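In case you want the letters, here they are:
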2 protein chains.
Amino acid sequence: MSASFVALSGGVGGAKLALGLCEVLEDPRRLTVVANTGDDFEHLGLRVCPDLDTLTYTLAGLANPETGWGRAGESGAFMEALGALGGETWFFLGDRDLAIHVERTRRLRAGESLSAVTAALSARLGIRARIVPMSDEPVPTVVETDEGSLAFQHYFVRERCRPTVLGFRHEGAERARPCAAFLDALAASDLGAVIVCPSNPYISIDPILAVPGVRAALDACRAPVIAVSPIVGGRALKGPTAKMMAERGVEPGAAAIARHYDGLIDGLVLDEADRQDAAAVAATGVAVEVAATVMTGPTEKRALAQAVLAFAARIGADGERRPQSSSTA
Amino acid sequence: MSASFVALSGGVGGAKLALGLCEVLEDPRRLTVVANTGDDFEHLGLRVCPDLDTLTYTLAGLANPETGWGRAGESGAFMEALGALGGETWFFLGDRDLAIHVERTRRLRAGESLSAVTAALSARLGIRARIVPMSDEPVPTVVETDEGSLAFQHYFVRERCRPTVLGFRHEGAERARPCAAFLDALAASDLGAVIVCPSNPYISIDPILAVPGVRAALDACRAPVIAVSPIVGGRALKGPTAKMMAERGVEPGAAAIARHYDGLIDGLVLDEADRQDAAAVAATGVAVEVAATVMTGPTEKRALAQAVLAFAARIGADGERRPQSSSTA
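Computed from a prediction, not measured in an experiment: that's the story for all the values here.

Rules of the game
- Residues numbered from 1 in each chain as written.
- Chains lettered and ligands numbered in written order.
- Predicted model: local features only at pLDDT ≥ 70, side-chain atom pairs only at ≥ 80, totals over all residues.
- Heavy atoms only, no water.
- 1 Å grid on protein atoms, 1.4 Å probe; cavity = no way out; pocket = protein on both sides within 12 Å on 5 of 7 lines; lining within 4 Å.
- Points joined across faces, edges and corners; volume = space filled by probe spheres on them.
- Helix = DSSP H or I, 4+ residues; strand = E, 2+ residues; numbered from the N terminus.
- Nonpolar A, V, L, I, M, F, W, Y, C, P; charged D, E, K, R; others polar.
- Least-squares fit on C-alpha atoms with pLDDT ≥ 70 in both.
- Contact = heavy atoms within 4.5 Å.
- Buried area = accessible area lost by both parts, 1.4 Å probe.
- Salt bridge = Lys/Arg side-chain N within 4 Å of Asp/Glu carboxyl O.
- Polar contact = N/O pair within 3.5 Å; in protein donor to acceptor, adjacent residues only side chain to side chain.
- Buried < 20%, exposed > 50% of the residue type's maximum accessible area, 1.4 Å probe, protein only.
- Axes fitted to C-alpha atoms, helices over the stretch in contact; angles between N-to-C directions.
- Parallel < 35°, antiparallel > 145°, perpendicular 65-115°, else oblique.
- Left-handed = near helix turned anticlockwise from the far one by under 90°.
- Pairing = 2+ DSSP bridges.
- Right-handed = clockwise from strand over helix to strand, strands pointing away.

## Remarks on the layout of surface pockets
All names here are of chain A.
- Volume-wise, the second largest pocket comes out at about 1,100 Å³.
- Around the second largest pocket, the lining comprises 49 residues; the ones closest to its centre are Gly11, Val12, Trp69, Phe156 and Lys238.
- Put simply, the parts of the chain that give the lining of the second largest pocket at least two residues each are α1 (12-24), α2 (50-59), α4 (97-109), α6 (152-158) and α8 (201-209).
- If one sorts the elements of the lining of the second largest pocket by residue count, α2 sits on top with five residues.
- Residue composition of the lining of the second largest pocket, grouped by class: 22 nonpolar, 19 polar and eight charged.

Here it is, written out as structure tokens:
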């Protein structure tokens, strides 16, 4: 299997599948993982990129296995000292984790692009897959809530997703361009599949799709686009996906995910717990695969990656590709 | 004793005496410690102020008793992670210490002055004396060496003071102004003394004196100016003072310190080990006091502070103040 692959990813769930893909691919250098940067923000004067970092730590084997984000064996001496100085402590930055924020911020200020810094840091950590930010330009997600507009991390971390979501804005998207490595990977003649990771569709995948040119590039690529549902048994494994769906008037489930990605995906992987939704998903016009999507350990990550690749190969061979359309974003 | 006092200070030695002064003064709020900021530099995108921090940690009881600088119980997880990312590790920033650099940098970027940030952070840490940077404007010390011009920390930390010193420049001094709190403290009608701490005259005290207006303000104040010699038995207790003196063609000793501060000081405190230099110092026209200047513990710090204050009181009472002159900088 020497095809190349593109994965669109948010944080923890996406990073787990990306790690599985790295492990089952003969050559992980054929994998380009495109990270959502809508969560990025300036904090304490540092540029913090949570999804890029979760991907980096996960693929480098440095991630905290308990949380899925942050670093293993992390300590909080900085944060404690910062609190004593009256600094902001609502967003935890571990002592080891701080290094990536400080080094990235320094290099960005020196004029390097986010994609160049990301490539350099992940190479330094021995990561063979390519981790690519969706854009070098900031496209911060703003959450419209019943309590007003909130910067993403204020909604997500400071308010713990408590306010009711009314909608999302991708600020600055109109001026952003996809990273060149992202477009190059989509245009590769040997592209085997685009994999939409089991990430939050609203706040992890939609920001990537909101960058002008991404939808058109996805429409233009001949490889199948496969999503893995982030909803299992009506609930998200992690994060506010189900809560957001409910607040948006959508019943959380695989069929709603298929409808959300209508016009984008050719196939959807459902969890075994949602087997009964297969017909409803198929009715939206996409191919369906049922698999164990809960990646509790390395075995499960690899098995899901294998299932996704096999599903993509089958769709590719069957020519089950959805009708091509112009941008439906 | 309700007079107010001003101490001019570099790092470790100065901070020890400042702590002694805080402890023996009835009201430590009457003490203004003016810190050298010539050592300050931008590192990893952070504004690092070594002497301000040594003073802050020392007066807050947080200093590392082994080194005299940095924080007690410090850890290096950040630095280790930074090294793994290929970042610069020649200047150690401990996990706890990082908090002050990050918080200060954030506040400076938000538009606060260095003196305002310093006051806020030291108040937060329960420090009752006032710690004041010599200037809110950067006046970085450049060391002219036989290997060319070196930014101070490159000379001091990266090169470990190895190159031969030819001279010093105080970059930007012509555009700098003393902090208002510094001038106010010198102009106080109840000023009991100005104390030049046992700090390196070239790289800790001269930068303070190089800020336009400082020499004139010192000349104008009626209180005695007392220095404590940083040289004991021909050697510096810490740092490159003696090496620098030798490289500048000056024999390291109390008499050379007195000559260095000629026109500035009214009295010099020598260590007991240098009692034989008293006559040579007196010959330069300043009053002499002999005391134990090696501040190994709290008792020694307090004893030296007492000796300095008593000496200053005696000079003040005797009217032994040096002849007033216009700026002799």
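There's plenty left to go through after this.
## A short note on the relation of the copies chain B and chain A
- By a simple turn and slide, chain B fits onto chain A: the slide is 0.0 Å along the axis, the RMSD is 0.0 Å, and the turn is 180 degrees. One copy is carried onto the other by what is essentially a two-fold rotation axis. Among all residues of chain B, the one whose C-alpha sits closest to the rotation axis is B:Asp95, at a distance of 3.0 Å.
- The share of interface residues of chain B whose copies in chain A are also at the interface is 100%, consistent with both copies meeting through the same surface.

## A few points about the interface of chain B and chain A
- With 25 residues of chain B at the interface, the matching set in chain A holds 25 residues.
- Both sides of the chain B and chain A interface together cover about 2,300 Å² of buried area, and 71% of this is carbon and sulfur.
- Linking chain B to chain A there are zero salt bridges.
- Here chain B is connected to chain A by two residue pairs in polar contact (both at pLDDT 80 or more).
- Of all the secondary structure elements, the ones that give two or more residues to the side of chain B that touches chain A are α3 (77-84), α4 (97-109) and α5 (114-124) of chain B.
- Looking at side-chain class alone, the side of chain B that touches chain A contains 13 nonpolar, five polar and seven charged residues.

## Description of the pattern of salt bridges
- Scanning all chains against the criterion turns up 36 salt bridges over all chains.
- For B:Glu74, the salt bridge is made with B:Arg96, and the minimal N-O distance between the two is 3.3 Å. Placement of B:Glu74 in the loop between α2 (50-59) and α3 and of B:Arg96 in the loop between α3 and α4 is noted, with a sequence separation of 22 residues between them.
- Overall, B:Glu74 belongs to the partly exposed group, its relative accessible area being 23%.
- Ionic pairing is found between B:Arg158 and B:Glu159, a salt bridge with its closest N-O pair at 3.8 Å.
- With a relative accessible area of 38%, B:Arg158 lands in the partly exposed category.
- Where salt bridges share partners, they join A:Glu103, A:Arg106, A:Arg107 and A:Glu112 into one cluster.

## What about the packing of α4(A) against helix α5 (residues 114-124) of chain A?
Residues and elements named next belong to chain A.
- It is at 10 Å that the axes of α4 and α5 come closest, and there the two elements cross at 135 degrees. Judged on the interaxial angle alone, α5 and α4 are oblique. The way α4 lies across α5 gives a crossing that is right-handed. The residues of α5 that touch α4, namely those facing Ile100, Glu103, Arg104, Arg107 and Leu108, are Leu114, Val117, Ala120 and Leu121.
- Looking at side-chain class alone, the contact of α4 with α5 contains six nonpolar, no polar and three charged residues.

## Examining the environment of A:Ala258
Residues and elements named next belong to chain A.
- When you line up the elements, Ala258 lands in helix α11 (residues 254-260).
- For Ala258, a relative accessible area of 2% gives the class buried.
- Contact partners of Ala258, with chain neighbours within four places excluded, come to Ile265, Leu268, Val281 and Thr284.

## Concerning α3(B)
- Taken as a whole, α3(B) has its buried residues at B:Ala77, B:Phe78, B:Met79, B:Ala81 and B:Leu82.
- Those residues of α3(B) that are buried lie in contact with α4 of chain A together with α4 of chain B.
- Once α3(B) ends, the next one or two residues include B:Gly86, with phi positive near 85 degrees.

## Here we look at the packing of α2(A) against α4(A)
Residues and elements named next belong to chain A.
- Their axes nearest at 12 Å, the elements α2 and α4 cross at an angle of 125 degrees. Regarding the angle of α2 to α4, the classification is oblique. Judged by the sense of rotation from one axis to the other, the crossing of α2 with α4 is right-handed. On α4, the residues touching Asp53, Thr56 and Tyr57 of α2 are Asp97, Ile100, His101 and Arg104.

## Considerations on the sheet that holds strand β13 (residues 267-271) of chain A
Residue and element names in this part refer to chain A.
- Read from one edge of the open sheet, seven strands run β5-β2-β1-β9-β10-β13-β14, paired in parallel fashion. Each edge of the sheet is formed by a strand with only one pairing partner; in this case those strands are β5 (130-133) and β14 (287-291). The mean inter-strand angle of the sheet, taken between neighbouring strand axes irrespective of direction, is 25 degrees.
- Each of β1 (4-9), β9 (191-196), β10 (225-228), β13 and β14 touches helix α13 (residues 298-318); the most contacted strand, β14, lies at about 160 degrees to it.

## Description of the sheet that holds strand β7 (residues 148-151) of chain B
Residue and element names in this part refer to chain B.
- The sheet built from three strands is open, its strands ordered β7-β6-β8 with antiparallel pairing. What marks the edges here is a single partner per strand, and that holds for β7 and β8 (165-170). The sheet shows a mean angle of 25 degrees between the axes of neighbouring strands, taken without regard to direction.
- Contacts from helix α8 (residues 201-209) reach β6 (141-145) and β8 within the one sheet, and its direction differs from that of β8 by about 25 degrees.

## As for the pairing of β1(A)
All names here are of chain A.
- Buried residues dominate β1, accounting for six of its six residues.
- Residue alternation in β1 divides its side chains into two sets, Ser4, Val6 and Leu8 and Phe5, Ala7 and Ser9, and both sets are buried.
- Sheet topology places β1 next to β9; five bridges connect them, and they run parallel. For Phe5, the partnering residue across the bridge sits in β9 and is Ala193.
- With α1 bridging β1 and the parallel strand β2 (residues 31-35), this β-α-β connection has right-handed handedness.

## Observations regarding the side chain of B:Asn64
- Here B:Asn64 shows up in the loop between α2 and α3.
- Not counting the four nearest positions on each side in its chain, B:Asn64 is found in contact with B:Trp69, B:Gly70, B:Arg71 and B:Ala72.

## Considerations on the environment of A:Glu80
- Relative to the assigned elements, A:Glu80 resides in helix α3 (residues 77-84).
- Judged by relative accessible area, A:Glu80 falls into the exposed class, the value being 65%.

## Quick word on unusual backbone geometry
All names here are of chain A.
- Residue Leu44 is not a glycine yet carries a positive backbone phi of 55 degrees.
- Turning to its location among the elements, Leu44 is positioned in the loop between β3 (41-43) and β4 (46-48).
- Look at Leu44 and you get buried, because its relative accessible area is 5%.

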